Amino acid sequence: MSARRVRTATAAGVTAAAVLAGVAACSAPGGGGGGGGGTDAVTVGVAQEPETLSPLLGYGKEGNSKIFDGLLTHDARMKLKPALATKLPEVSDDGKTYTFTLRDGVKFSDGKPFTAEDVVYTYRTILDKKTNNASKSELDALDTVKAKDRHGKETVVFTLKYPYAAFAERTVLPIASKAVAGRQDVNTGSYNTKPVGTGPYVLTNWRKGEKLSFKANPHYWGGRPTVKKFTVAIIEDDDVRATRLRSGDLDGAILPPNLAKAYKNSDEGAEKRTFSAKTADYRAVTLPTDNPVTGDKAVRRALDVAVDRDAMVKSILNGAGKPAYGPLPTDGPWFAKGTERPHDLARAKKILDKAGWKPGEDGIRKKDGKRASFTLWYFSGDKLRQDHALAYASDAKKAGIDVKVQAGSREVIRPKLKHDAMLMGNGFPADPDFDLYPTLHSSQIGDGWNNLGYYDDKTVDEQLDKGRRSRDTAERHAAYDKAQKALKKNPGYTFLTHIDHVYVLNDKWRGLTTQVEPHDHGIGAGPWWNVQDWKPKK
Amino acid sequence: MRDGGRRRLAAPVARLVGRRLLASVPVLAAVTFGVFAVAAASPFDPVQQYAGSAGLSASQETLDQLRQNLGVDGPFPVRWWDWLTGALSGDLGDSTALRQPVADVIGERLGWSVLLCAAGFAFALLAGTVLGVAAARRRGGMLDRVVTSVSYTLEAAPPFWLGLLGIWFFALQLGVLPAGGLTDTGSDTVTAGSLLRHLALPALVLGISQVPWFLLYVRQGVADALEEDAVRGARARGLAERTVLLGHALRSGLLPVLTLVGSRVPELITGALLVETVFSWPGIASATVEAATATDFPLLAALTTLATVAVLAGNLLSDLLYGLADPRVALEEM
């Protein structure tokens, strides 16, 4: 062998070894066969990937987690029904003690039995200071949780710091396995990527940034799901998602309204169904009371009627949405009828004239030498908020108020919000308290990202307190009606729209529905919120 | 004779490797220190990045607690030192963005990246050499002009743009190759066949973005070699054109390419970063993007160390190959 051949062979060997090492290092994770075409495998495309699959760090806190169950769950109309509990909780007369009786014979997917200890472990771990769960303040009312044996039945007793009517809504939170998660570091352990739950599906594979794969849990206490295989592909780009839906790679996907429209009027549309899910997902402008312009109630009231919400729904949302007059959606059960504020530019001008804001030479109003001008921030890259902000500025200009729209990151925007406005979004459909209290109660002013309007209204405070403490539904309705009426008189934010979430799905299953969806809509939202109950069309 | 030659080479090679290993220690220390300094100066707040959308309805108390738990406060030299001492004892720390130990993140993803880079690199080397030789054979000819001008265009084209173009053409227009991922969406099993189909487009794009450099170097090297006395002599002796071209001209023309192999490694890593993101390839590069935007210190530091090691190793490799290929080069002097 000549020297040259040796070198060539060595080089080739090195390359081959590198390639082989690459292949060997990626021993393929196993899993079921391919889907495609049938009705027992469903593949859907979503835009956002969960950061973790551990309920202890916040996964699935609004229900429909697939892998887990809560004590309670929501039906299609968002009514609570029992899941790991056998019935709705017994609540003590003072509204501070909630007792749940647990279902017998439920097993985690690793075969270990589900017990009251798992419930206690889940809630205690979430509230533990060392647990990095960013949503733990949702359980702020919870004081202690204990397991109790009552006539041979396992029960869990939650004791609250104060009477809290909405607490049962929080117990849709998924229950983790103490036997598995309890032996790991809660913040970085493998439970975050390889969860073990009691739910209708078992995670088979999660390739981050690409997809999550689930298979039906054959021993599910609620009955084995007909859809055997459920795959969630993570596709950030709307156009790529639409293309992969068209190519047949996906059975369903969430799409912006304009892309979903294409399916309605085409041949492909015949095999596909479009779902427009109602939501609590609102967009609003914060009007901080510390700013001399937005702090003037007259300016806030004028802006409230100067904005053309219907035009925003039509042009920005392509009709997939509704005007918003508060955090509660107008077609929801808690909305106070009669608090709608129709678009009325003449009235806006009149309010401003009366309050002493006189038009200046450049068309912008002035009062005592102050220009009616403020800055409105939105998160850079959020096209939907940008569109809302620009439409808002253009409507305000017609009334003689100058709104300067600016983009920025969270880090840039947050320190400025005592003085500047922001285009915000939020929405939790389960209970009116979840949106109203953090947004409007004066105790929440500037607390993290809560109450960014620095809104402080005595009537609203009183009614929100009454609404969250009372257990009587009629009393709660009365309180929230009064709060919404007070908000109409003193609008601390300009609420703009509620946004529908639009999904397109192969029309192969019967009786599909959508729930009223929250602002953050991940795997648990969409028509596949109850994929475990789907049955094929005959 | 051959054994004697090997013995004569072994000692200088070992000494060169040893010297490079020693030199890499301060380099790695400086690079990781730099990463911590840059990340500390980043405008992103690790707590906000960690909390994600839930952070936008979190109370201040929760956010403060997160800040404390994540240990993101304190001067960066201290945090760098903590990280360094931890890493030396084998604990790379935990990734905040991915909620996993850093070692797991690397273990799960490194293989896929190596596979992609190796395939792309092999393609670039092969295509660059073949086209370069062909172009050098008739300088100024039709093929030469086409190949050269396309190369200059490609040198200017960013890999992510090539990636999107590739998806548009092969996945959308022709529908012959998948647009991304490791397997078909409905399937979990990684079979050799589906892996090859999914690897083809990203490796091709990565390879094509590297081809121009090899091609232009080979073309220049071979063309120069064809002018050398030795080659002209070989031709004059009536040796076959094939022997002259491949046996004489290519051999000496390839020498500069060996240097190039080492110096292309950083470009390859940057290219992989973009290509993996475009094709949702579950490799280490896409984790780098995530770590950087989330100011995930431990992951970022580990990945930078990895990239630095790859670059240093690439340089060492090309120096060694150069020494082996050209007897005039003394390894002692490198």
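Residues numbered from 1 in each chain as written. Chains lettered and ligands numbered in written order. Predicted model: local features only at pLDDT ≥ 70, side-chain atom pairs only at ≥ 80, totals over all residues.

A.B. asks: What is the right way to look at the overall build of chain A in this model?
C.D. replies: Of regular secondary structure, chain A possesses 14 helices and 24 strands. Here the C-alpha atoms of chain A give a radius of gyration of 26 Å, agreeing with the 24 Å that 2.2 N^0.38 yields for 538 residues. Dimensions of chain A, computed from the C-alpha atoms along their principal axes, are close to 95 × 80 × 55 Å. The contacts of chain A with a sequence gap of at least 6 include a subset with a gap of at least 24, amounting to 69%. (Helix = DSSP H or I, 4+ residues; strand = E, 2+ residues; numbered from the N terminus. Rg over C-alpha atoms; globule rule 2.2 N^0.38 Å. Contact = placed C-beta atoms within 7 Å.)

A.B. asks: Which parts of the structure should I look at to understand helix H11 (residues 255-263) of chain B?
C.D. replies: The periodicity of an α-helix, 3.6 residues per turn, causes residues three or four positions apart to be oriented the same way. Residues and elements named next belong to chain B. When we look at burial in H11, the residues that qualify are Val 257, Leu 258, Val 261 and Gly 262. Looking down the long axis of H11, one finds its buried residues gathered within 150 degrees of arc, a one-sided arrangement. Where the residues of H11 are buried, they touch helix H8 (192-227), helix H12 (265-278) and helix H14 (297-325). (Buried ≥ 20, exposed ≤ 12 C-beta atoms within 10 Å, placed from the backbone. Arc of directions from axis to C-beta.)

A.B. asks: Would you explain the UniProt feature "transmembrane region" (unreviewed entry) in chain B in this entry?
C.D. replies: Residues and elements named next belong to chain B. As annotated in UniProt, the feature "transmembrane region" (unreviewed entry) corresponds to residues 21-41, 110-136, 157-179 and 199-218 in the numbering used here. Between the end C-alpha atoms of residues 157-179 the distance is 20 Å, and the span holds 65% helix and 0% strand. Along residues 199-218 the backbone is 100% helical and 0% strand, and the end-to-end C-alpha distance reaches 27 Å. (UniProt positions renumbered as here; feature names shortened; annotations may be inferred.)

A.B. asks: Just to check I follow, could you spell out unusual backbone geometry for this structure?
C.D. replies: Glycine aside, residues mostly have negative phi angles, and peptide bonds mostly take the trans form. All names here are of chain A. Unusually for a residue other than glycine, Met 78 sits at a positive phi of about 65 degrees. Positive phi is not limited to glycine here, since Tyr 454 has a value of about 50 degrees. For Tyr 454, the position within the fold is in the loop between helix H12 (432-440) and helix H13 (458-469).

A.B. asks: Would you mind going over the domain arrangement of chain B with me for this structure?
C.D. replies: One widely used convention gives an interface's size as the accessible area the parts lose upon coming together. All names here are of chain B. Domain boundaries assigned for chain B yield domain 1 (3-100) and domain 2 (108-326). Each of domain 1 and domain 2 has a C-alpha centre, and the two are 29 Å apart. Counting residues at the interface gives 26 residues for domain 1, matched by 20 residues for domain 2. Where the side of domain 1 that touches domain 2 is concerned, the elements lending two or more residues are helix H1 (2-41), helix H2 (46-51), helix H4 (76-88) and strand E1 (94-95). Residue contributions to the side of domain 1 that touches domain 2 peak at twelve residues, all from H1. Of the residues that constitute the side of domain 1 that touches domain 2, the class distribution is 16 nonpolar, seven polar and three charged. (Domains from an automatic or database assignment. Nonpolar A, V, L, I, M, F, W, Y, C, P; charged D, E, K, R; others polar.)

A.B. asks: Explain the interface of chain A and chain B to me, please; I cannot follow it from the model alone.
C.D. replies: The partner chain B presents 49 residues to the 59 residues of chain A that form the contact. Every element with two or more residues in the side of chain A that touches chain B is listed here: helix H1 (3-25), strand E1 (41-46), strand E8 (201-207), strand E9 (211-216), strand E10 (229-234), helix H5 (238-246) and helix H11 (410-413) of chain A. If you tally residues by element for the side of chain A that touches chain B, the top one is H1 of chain A, at eight residues. Classifying every residue of the side of chain A that touches chain B by side-chain character gives 16 nonpolar, 29 polar and 14 charged.

A.B. asks: Could you clarify how one ought to interpret the sheet that holds strand E6 (residues 142-150) of chain A in this entry?
C.D. replies: The strands making up a sheet associate through backbone hydrogen bonding, with each pair oriented either parallel or antiparallel. All names here are of chain A. Spatially, four strands are ordered E4-E5-E7-E6 in an open sheet, and the strand pairing comes out antiparallel. At either margin of the open sheet sits one strand with a lone partner, and together these are strand E4 (90-91) and E6. Seen against the sheet, helix H2 (residues 116-127) touches E6 and strand E7 (153-160) and runs at an angle of roughly 170 degrees to E6. (Pairing = 2+ DSSP bridges. Axes fitted to C-alpha atoms, helices over the stretch in contact; angles between N-to-C directions.)

A.B. asks: Is there a simple way to think about the packing of H8 of chain B against H12 of chain B in this case?
C.D. replies: When two helices pack together, their arrangement is given by the angle between their axes and by how far apart the axes lie. Residues and elements named next belong to chain B. Where H8 contacts H12, the two axes come as close as 10 Å, and the packing angle between them is 140 degrees. Where H8 crosses over H12, the two elements pack in a sense that is right-handed. Here Pro 202, Val 205, Leu 206, Ser 209 and Gln 210 of H8 come into contact with H12, specifically with Glu 267, Leu 268, Gly 271, Ala 272 and Val 275. (Left-handed = near helix turned anticlockwise from the far one by under 90°.)

A.B. asks: Just to check I follow, could you spell out the environment of Leu 250 of chain A for this structure?
C.D. replies: With respect to the secondary-structure elements, Leu 250 of chain A resides in the loop between H5 and strand E11 (252-254). Between the alpha carbons of Leu 250 of chain A and Val 44 of chain A there is a distance of 5.4 Å; along the sequence they are 206 residues apart. Among all residues touching Leu 250 of chain A, those that are not within four sequence positions of it are Thr 43, Val 44, Gly 45, Ala 233, Arg 244 and Leu 245 of chain A together with Thr 185 of chain B.

A.B. asks: Please clarify how the nonpolar core should be interpreted in this entry.
C.D. replies: Generally speaking, nonpolar side chains in soluble globular proteins are found buried as a group. Residues and elements named next belong to chain A. Membership of the largest hydrophobic core comes to 125 residues, with the highest contact counts inside it found for Val 285, Ala 302, Leu 376 and Tyr 392. When residues of this core are assigned to their parent elements, the largest contribution, five residues, is made by helix H7 (residues 297-306). Setting aside residues up to four positions removed in sequence, Ala 302 forms contacts with Ala 348, Ile 351, Leu 352 and Ala 399. (Core = buried A, V, L, I, M, F, W, Y, C linked by C-beta atoms within 7 Å.)

A.B. asks: Explanation requested: the environment of Lys 146 of chain A in the structure shown.
C.D. replies: The residue Lys 146 of chain A is located in strand E6 in this model. Residue Lys 146 of chain A is classed as partly exposed on the basis of its C-beta count, with 13 C-beta atoms lying within 10 Å.

A.B. asks: Would you take a moment to explain the confidence of the model for chain B for this structure?
C.D. replies: Parts of the model with low pLDDT should not have their predicted coordinates read in detail. Mean pLDDT over chain B: 84, with 97% of residues reaching 70 or higher. Here H11 of chain B stands out as the least confident element of chain B, with mean pLDDT 79; helix H5 (residues 102-137) of chain B is the most confident, with 90. (pLDDT = per-residue confidence, 0-100.)

A.B. asks: Where do I start with the sheet that holds strand E17 (residues 370-371) of chain A in this structure?
C.D. replies: Residue and element names in this part refer to chain A. A sheet is described by the order of its strands in space; here three strands give the open sequence E15-E16-E17, paired in antiparallel fashion. Where the open sheet ends on each side, the last strands, each with one partner, are strand E15 (358-359) and E17. The sheet contact formed by E15 and strand E16 (residues 365-367) spans two bridges and is antiparallel. By the bridge assignment, Pro 359 is partnered in E16 with Arg 365.

A.B. asks: What exactly am I supposed to notice about the pairing of strand E5 (residues 97-101) of chain A here?
C.D. replies: All names here are of chain A. The two faces of E5 differ: Tyr 98 and Phe 100 on one face are buried, but Thr 97, Thr 99 and Thr 101 on the other face are not. The pairing of E4 with E5 spans two bridges and is classified as antiparallel. Bridge pairing in E5 places Val 91 opposite Tyr 98. Pairing of E5 with E7, which is carried by five bridges, proceeds in the antiparallel orientation. Its bridge partner lying in E7, Phe 100 is registered against Val 156.

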